[in-house]
Amino acid sequence: MAQARMATGTSSFGSSTVLGPAARSLLPATAALAALVVTGLLPAFPAFLGWILASCVSYALALRRRRRIDLASAYLDALIDGRDPGPPPEHNLLDEGGLYHALPRLRRTLAERRRLADMGLVADLLQTVIDGIDDPLIVIDARRRIVRANGYARELFPAAAVDAPLINSLRDPSLIAAVDASLAGGTSSQLFLSLKATPPRAFAARVVPLQAGPLGHTAVLSLRERTEAVQIERMRSDFVANASHEIRTPLTAIRGFIETLQGPARDDKRARERFLAIMAQEAERMGRLVDDLLSLSRIELAEHQVPRERVDIGMLIGRVVDSLIPAADRRDVRLALNPPDVWPPVVGDADQLFQVFQNLVENAIIHGGSGKTVTVDGRIEQASPHDAGPLSGTRALAVTVSDQGEGIPEAIIPRVTERFFRADNPRSRKEGGTGLGLAIVKHVLRRHRGHLAIRSTLGEGSQFTAYLPLA
Ligand code: ADP
């Protein structure tokens, strides 16, 4: 079959390819016969018959050689084209010059090379595919060595090189036990893995056995990052714990006074007046807390919707300052407003922006100290500084509320916008704020694609700057 296919592919036994060599091989015999005739040693007719005979033999030999060459080249053509030509042509046709043995050897070598190249291509394809997976993935062999690791895994575990022991990258005993169980018993398992990085990272790990395959028993370890989910869960439970604690404190105080008024102080008119005043204060504090919690949750719910209202920011800040004059007077604080030449147009949510500046100015009045000045400066930054968050380097409206109070220690500046955070100083404790004011400011500005920057010098005062994008 193979030979039939080859025969159709060979060149024809055309006269030019056979006659040429036949004529060349006939030349010596022709010359010898001619010499014999010329010298009279051989009569012309027998010489002519001899020449005819020699021509036929030469032609037959040239034809046979041509046929071998064509068969061999057809065989080589098939190998070069990547087709399998099957066993070599008949022995008696190719027995010259070791071709009969060389051709099948060449065929075997080429087949082996092709198989290795295909395996290499498959391996490259496999690596490309696993590198494209967004989760860390490691394949482990029966000796607990790494056979393959994708890009994410190598980034996460620099020791995850091919043939390196898994234990160099991951030491968690329960994970190693899961890998062993998978390699030995073919069981799949899932477990939670936390990595001692800074900051710590959490992963859901899955170990799956792969029993069939050229590498024998292997296990595939895949990890799915859960750090953010764990953080959110922790924040949620911290939040519930903090909110419950903040509500329980005034509630406990109110309950205590109710018991006292129902019991020992039942007929004490002066005590009743005093306790009722404190109860009203505590109830007010609870009310503020609930209001702030509701505001925060509303702002967070709408955080992905950028507000579209046009806001007259100059008038809004003027209203905030006016509304806080009585509070400033009570604390003997002077309020000063330095507007820009022209307030730029701003797009936003007027109520939420009012809350932002109210919280900032109120804090400055509380923490600024009596006899001091609180200043509100509005300006357009042609290129906001690098700490202006998403607005760094862009044109933005910057409104800075400065006070001349005791300032905030540098280490806690990043924490003052956390929910329920209060600096551990007597003023913060005495004021009994909700600890949610700056968290609300941060989230409102974030919703407006703006930013809050805080600068403070101990003993000199603090500056809170709200950056807002221009409309
Ligand atoms: P609170 O309701 O306690 O005022 P905030 O979120 O508004 O809550 O503020 C958090 C904490 O940040 C405050 O308890 C206070 O310790 C600190 N803080 C806020 N503003 C200032 C300021 N202008 N100067 C000094 N400390 C401040």
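The rules behind each value
- Residues numbered from 1 in each chain as written.
- Predicted model: local features only at pLDDT ≥ 70, side-chain atom pairs only at ≥ 80, totals over all residues.
- Heavy atoms only, no water.
- Buried < 20%, exposed > 50% of the residue type's maximum accessible area, 1.4 Å probe, protein only.
- Helix = DSSP H or I, 4+ residues; strand = E, 2+ residues; numbered from the N terminus.
- Pairing = 2+ DSSP bridges.
- Axes fitted to C-alpha atoms, helices over the stretch in contact; angles between N-to-C directions.
- Contact = heavy atoms within 4.5 Å.
- Expected span 1.5 Å × (residues − 1).
- Phe/Tyr/Trp six-rings, centres within 6.5 Å; stacked < 30°, edge-to-face > 60°.
- Lys NZ or Arg CZ within 6 Å of the ring centre and 35° of its normal.

Caption draft 1: The pairing of strand β10 (residues 396-402), seen in detail. Of all seven residues in β10, seven are buried, a share of seventy percent or more. Taking every second residue as pointing to the same face, both faces of β10 are buried, with Ala396, Ala398, Thr400 and Ser402 on one and Leu397, Val399 and Val401 on the other. Of the strand pairs in this sheet, strand β9 (residues 373-381) and β10 are connected by seven bridges, and their pairing is antiparallel. The residue bridging arginine 379 from the neighbouring strand is alanine 398, located in β10. As judged from the seven bridges shared by β10 and strand β12 (residues 461-469), these two strands associate in the antiparallel manner. What sits directly across from alanine 396, in β12, is proline 469.

Caption draft 2: Broad picture of the sheet that holds strand β1 (residues 137-141). On the basis of which strands lie adjacent, the open sheet formed by five strands has the order β2-β1-β5-β4-β3 and antiparallel pairing. For this open sheet the edge positions go to β2 (146-149) and β3 (189-195), each flanked by a neighbour on one side alone. In this sheet, adjacent strand axes meet at a mean angle of 25° when their direction is disregarded. Relative to strand β4 (residues 201-210), β3 is paired through seven bridges, and the arrangement is antiparallel. When the sheet's bridge partners are listed, glutamine 190 is paired in β4 with arginine 206. Sitting on the sheet, helix α4 (residues 99-131) touches β1 and β2, and the angle it makes with β2 is about 60°.

Caption draft 3: Structural view of α4. The first and last C-alpha atoms of α4 sit 47 Å apart over 33 residues, in line with the 48 Å expected at 1.5 Å per residue. The set of residues buried in α4 consists of Leu103, Pro104, Gln127 and Ile130.

Caption draft 4: Region of the structure containing the packing of aromatic side chains. Tallied over the full model, the rule gives two aromatic pairs. For the ring pair phenylalanine 239 and phenylalanine 420, a centre distance of 5.7 Å and an interplane angle of 35° mean the geometry is tilted. With a gap of 181 residues between them, phenylalanine 239 in helix α7 (residues 227-262) and phenylalanine 420 in the loop between β10 and α12 (426-431) connect regions that are remote in the sequence. What makes phenylalanine 239 partly exposed here is its relative accessible area of 27%. For phenylalanine 420, a relative accessible area of 9% translates into the label buried. A cation over a ring is seen here: arginine 419 above phenylalanine 239, with NZ or CZ 5.3 Å from the ring centre.

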